[in-house]
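Here's the letter readout for the chains.
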Amino acid sequence: MCGIVGFVGEKNVAELLPACLKKLDYRGYDSFGFAFQNNSLLLVVKQVGRITDFNGFLAKSASIGIAHSRWATHGAVTKKNAHPHISCDGKIAIVHNGIIENHSELREKLAKKGHSFAGETDSEVAVHLAEEFINQGRSFREAARETCRSLKGAFALLFINRESNELIAARNGSPLILGLVENGTFVASDTTAFIEFTKQAIFLDDGQIAFLGKEIELENFNTGQKLSTKISHIEWDAEQAQKNGFEHFMLKEIFEQPDAIEKCIQGRIANGQAVLPELDSIAEKLGKINRIVIVACGTSWHAGLVAEYAFEELCALPVEVEYSAEFRYRNPVIDENCLVIAISQSGETADTLAALREAKKHNAPVLSICNVMGSTIARESDAVIYTRAGPEIGVASTKAFTTQLAVLNLVALFIALQRNSAPESKVTDALNGLKSIPNAMRKTLEQSKTVEAIAGLYWDKSNALYLGRGPNYPIALEGALKLKEISYLHAEGMPAAEMKHGPIALIDSNMPVVFIAVKDRTYEKVLANIEEVRARNGCVIAVSSEAATEIKNLSDSVIYIAETIPLFQPMLSVIPLQLLAYHIAKKRNCDIDKPRNLAKSVTVE
Ligand code: F6R
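Owing to the predicted nature of the structure, the values given are computational and were not obtained by experimental measurement.

Novice: Looking at this structure, I do not really get the domain arrangement of the protein. What am I missing?
Specialist: In many analyses, interface size is given as the accessible surface area lost on bringing the parts together. Each domain of the protein was delimited in the assignment, giving domain 1 (3-234), domain 2 (244-435) and domain 3 (444-592). Between the C-alpha centres of domain 1 and domain 2 there is a distance of 33 Å. On the domain 2 side, the residues contacting the ten residues of domain 1 number ten residues. Summed over both sides, the interface of domain 1 with domain 2 buries roughly 840 Å², with 56% coming from carbon and sulfur. On the domain 1 side of the interface with domain 2, the three residues burying the most area are Tyr26, Arg171 and Phe203, jointly 45% of the side's total. Along the contact surface separating domain 1 from domain 2 lie two salt bridges. For Arg379, the salt bridge identified is with Asp205, shortest N-O distance 2.3 Å. Counted by class, the side of domain 1 that touches domain 2 contains five nonpolar, two polar and three charged residues.

Novice: What is the right way to look at the side chain of Glu392 in this model?
Specialist: Here Glu392 lies in the loop between β22 (383-386) and α12 (399-419). In this structure the side chain of Glu392 is engaged in a polar contact, spanning 3.0 Å, whose partner is the side chain of Ser397. Only 3.3 Å separates the side chain of Glu392 from the backbone nitrogen of Lys399, close enough to count as a polar contact. If we skip the residues at most four places from it in the chain, Glu392 touches Glu253, Gln345, Asn371, Ser397, Thr398, Lys399, Ala400 and Lys600.

Novice: What's the story with the pattern of salt bridges in this structure? I'm lost.
Specialist: Two side chains bearing opposite charge may form a pair once their charged atoms approach each other closely. For the structure shown, the criterion picks out 34 salt bridges. Between Arg138 and Glu146 there is a salt bridge; the shortest N-O distance is 3.6 Å. Here Glu146 falls in the buried class, since its relative accessible area comes to 19%. Taking the shortest distance from any N to any O, the salt bridge between Lys426 and Glu313 comes out at 3.0 Å. Of this pair, Lys426 sits in helix α13 (residues 424-435) while Glu313 sits in helix α8 (residues 298-315), and the two are 113 residues apart along the sequence. What makes Glu313 partly exposed here is its relative accessible area of 36%. Among the charged side chains, a network of salt bridges with common partners joins Arg171, Asp206, Arg357 and Glu380.

Novice: Sorry, what's going on with the site of the ligand here?
Specialist: As a structural note, the neighbourhood of the ligand is formed by 15 residues, with Ser300, Ser344, Ser346, Thr349 and Glu485 the closest of them. Measuring from an oxygen atom of the ligand, one finds a side-chain N or O atom of Ser300 at 2.6 Å. The separation between an oxygen atom of the ligand and a polar side-chain atom of Lys482 is 3.0 Å. Burial of the ligand by the protein chains amounts to 90% of its free accessible area of 400 Å². At the level of secondary structure, the elements contributing two or more residues to the shell around the ligand comprise α8 and α16 (473-487).

Novice: How should I be thinking about the sheet that holds strand β11 (residues 200-203) in this particular structure?
Specialist: An order of β3-β2-β4-β1-β10-β9-β11-β15 is seen for the eight strands of this open sheet, with the pairing classed as antiparallel. Here the strands that pair on one side only, and so sit at the sheet edges, are β3 (41-48) and β15 (232-233).

Novice: I keep staring at the sheet that holds strand β7 (residues 153-161) and nothing clicks. Help me out?
Specialist: Hydrogen bonds between backbone atoms are what pair the strands of a sheet, whose relative direction is either parallel or antiparallel. Taken together, seven strands build an open sheet; the order of strands is β5-β6-β7-β8-β12-β13-β14 and the sheet is antiparallel. Strands with a single pairing partner mark the edges of an open sheet, and in this sheet they are β5 (85-86) and β14 (226-227). Taken together, the nine bridges between strand β6 (residues 92-100) and β7 define a ladder with antiparallel strand orientation. What sits directly across from Ile92, in β7, is Asn161.

Novice: Hey, could you run me through the environment of Glu392 in this one?
Specialist: By relative accessible area, which is 4% here, Glu392 ends up buried. Between the alpha carbons of Glu392 and Tyr26 there is a distance of 9.7 Å; along the sequence they are 366 residues apart.

Novice: Any chance you could explain the state of the cysteines here in plain terms?
Specialist: By definition, a disulfide links two cysteine residues through a covalent bond between their sulfur atoms. Inspection of the entire model under this criterion finds zero disulfides. With no disulfide of its own, Cys88 lies closest to Cys148 among cysteine sulfurs, the gap being 19 Å. For the unlinked cysteine Cys338, the closest cysteine sulfur is that of Cys315, found at 14 Å.

Novice: Which parts of the structure should I look at to understand the packing of aromatic side chains?
Specialist: Any pair of aromatic rings gets described here by the distance separating the centres and the angle formed by the planes. In the structure shown here, the tally under the stated rule is ten aromatic pairs. Ring pairing ties together the aromatic residues Phe7, Phe186, Phe194 and Phe197, which thus form one cluster. Here the basic side chain of Arg141 rests over the ring of Phe211, its NZ or CZ set 4.2 Å away from the ring centre. Across from the ring centre of Tyr488, 3.9 Å away, lies the NZ or CZ of Arg596, which sits over that ring.

Novice: What's the story with helix α15 (residues 448-458) in this structure? I'm lost.
Specialist: An α-helical turn contains 3.6 residues, so a residue and the one three or four places further along point in the same direction. Taken residue by residue, α15 has Ser448, Val451, Ile454, Ala455 and Tyr458 as its buried positions. Taken around the axis of α15, the buried residues stretch over an arc of 120 degrees, which confines them to a single face. Structural note: α15 exposes Lys449, Ala453 and Leu457 on the side pointing more than 90 degrees away from its buried face. At its buried positions, α15 is contacted by α5 (249-255), α14 (437-445), β25 (512-517), β26 (539-544), β27 (557-560) and α19 (569-587).

Novice: I would appreciate a short explanation of the pairing of strand β24 (residues 490-495) in the present structure.
Specialist: Side chains on a regular strand alternate between the two faces of the sheet. Note that strand β23 (residues 463-468) and β24 share six bridges and pair parallel. Opposite Leu467, over in β24, you have Met494 as the bridge partner. The parallel pair β23 and β24 is bridged by α16, and the resulting crossover is right-handed.

Novice: Where do I start with the environment of Pro258 in this structure?
Specialist: Within the secondary structure layout, Pro258 lies in helix α6 (residues 257-265). The exposure class of Pro258 is buried, given its relative accessible area of 3%. Counting along the chain gives 145 residues from Pro258 to Thr403, while the straight-line C-alpha distance between them is 9.5 Å. In this structure, Pro258 is in contact with Pro438, Met441, Arg442 and Leu445, ignoring residues within four places of it in sequence.

Novice: What exactly am I supposed to notice about the pairing of strand β1 (residues 3-9) here?
Specialist: For β1, the buried fraction is high: six of the seven residues fall into the buried class. Across six bridges, the pairing between β1 and strand β4 (residues 64-70) is antiparallel. Of the residues in β4, the one forming a bridge with Ile4 is His68.

Novice: Honestly, helix α2 (residues 103-112) in this entry has me stumped. Any pointers?
Specialist: Those residues of α2 lying buried are His103, Leu106 and Leu110. Each buried residue of α2 sits inside an arc of 65 degrees when the element is viewed along its axis, so together they form one side. Those residues of α2 that are exposed and angled more than 90 degrees off the buried face are Glu108 and Lys112. Against the buried residues of α2 lie β6, α3 (124-135) and α4 (140-150). Two residues or fewer after α2 comes Gly114, characterised by a positive phi angle close to 100 degrees.

Parameters and conventions
- Residues numbered from 1 in each chain as written.
- Predicted model: local features only at pLDDT ≥ 70, side-chain atom pairs only at ≥ 80, totals over all residues.
- Heavy atoms only, no water.
- Domains from an automatic or database assignment.
- Contact = heavy atoms within 4.5 Å.
- Buried area = accessible area lost by both parts, 1.4 Å probe.
- Salt bridge = Lys/Arg side-chain N within 4 Å of Asp/Glu carboxyl O.
- Nonpolar A, V, L, I, M, F, W, Y, C, P; charged D, E, K, R; others polar.
- Helix = DSSP H or I, 4+ residues; strand = E, 2+ residues; numbered from the N terminus.
- Polar contact = N/O pair within 3.5 Å; in protein donor to acceptor, adjacent residues only side chain to side chain.
- Buried < 20%, exposed > 50% of the residue type's maximum accessible area, 1.4 Å probe, protein only.
- Near = heavy atom within 4 Å.
- Areas by Shrake-Rupley, 256 points an atom, 1.4 Å probe, with all protein chains shown as cover.
- Pairing = 2+ DSSP bridges.
- Disulfide = S-S within 2.5 Å.
- Phe/Tyr/Trp six-rings, centres within 6.5 Å; stacked < 30°, edge-to-face > 60°.
- Lys NZ or Arg CZ within 6 Å of the ring centre and 35° of its normal.
- Arc of directions from axis to C-beta.
- Right-handed = clockwise from strand over helix to strand, strands pointing away.

This is the structure we're talking about:
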């Protein structure tokens, strides 16, 4: 949801910032802009379109600058609505990520005082407010503080002023991280913007404002209290954020899954046990839980649905899997004996963050499963387990999903031993099964060409159904979501048995139906569902294993996957569905890494 980046120091920001902003374009990609300050001049450039198509500036030099890549919320995609926004006197520029909820009221007040607005965004009020405070005699710093105090909603804001050598950065609800280099400071919504230059970072918390010049000064903008800075070391590498010869990030990330799972489970399995020191801080509470509630959105929610089967089977605990956005507005009946698990790749999803805060109000212990280190959800949880998938740049989530599943299974196995709810031999077998997943994934990925050929048969259809049962039912949902989001084809996922309760009416020779049909306890039932589709001339694409010998004769196309224990099969069965969506989207000439209307990190409600 919008990417922002700024720099102050001894580098030419006119060269630096376009490259940094390109790394953030997955966060928003409808328009972009820059503001540079040098020798009391403010240079502003804005453009509709993608930063990736921008060729850079000619011979400009500056040492303070801010930049923004937009994902429109308020106001159409126009040059006027693109950031940076500029004050009426042309002295101050700001970029904003988030949503300012009281923008209408502020806009009205400021307009009465004579401010004229260039566009329709909520963000623009921030720059006029700062200008208004300066007009009233406040310093640039005071004006920025006061502006932050006056805004309601979520914001990460960068301010520059052509009469100051400082860049001011403030955060409330949207991520903002400082990157430290010799003779300069970066500030960005995500570390990928500056990881090439430094791994030393300071994660700002809500309510903090940073004054960046020769020094870094940190304060609470509400109380004015000075704060000390805590430097963290980022573990990701710059190369991980490159395509490495793959045509798209999504394809690269699909193929990275075996390595990602290896990293994810490394050191977390020993002596027949799941080793999760991350849970030490909630160990006592974990011993007392009688229920689990999982909150998440989108693909992460699907990971929660898969995990429900593992927690029930291994831990004998009741589990509810909630959409974060629904959970947060209910009056959830939870207490300190309910473990709440928040799953989020980005760790910044606004609805999941709000659900986590709601859970904490009820004293429930909160465990988060995140990919992005130092993200807000990770920091606000009682315990966090990182998925270690590395940066996921493609908007459609792939390796983040399978590593979430690996972590969730580890947590289930950990709790199972703690509660004595599963025989030790079952836990040991499962842990061995988990260790074999990377190689089983490698084998499954060998099907890529077959999947590509199948995509060639169906890419011009208008609809598709995805059906699965047990832990593969959420995989049917995930397969349909992948297809929708990157190929813009309509697709629905559902439990295979539900088809006959209505959706079967949709089936005819134009309806591809993707079945996940592996040899588990519902296999025979799925075969019956396949027969029902065939009887109505539907086209059957089966994701199956070689052991399922009946499938070949019942399907138009088969994609064979490796076999593992049923609880872990989703980590393999999802791979052909990711590839199918990818190849169909490619045939349809879609913008795979940046699908229309989407953004990687959904930091608004
Ligand atoms: C789909 C996708 C989204 C995210 C969802 C939650 O491919 O990426 O559905 O899964 O927006 O995001 P996180 O996991 O960052 O909370």
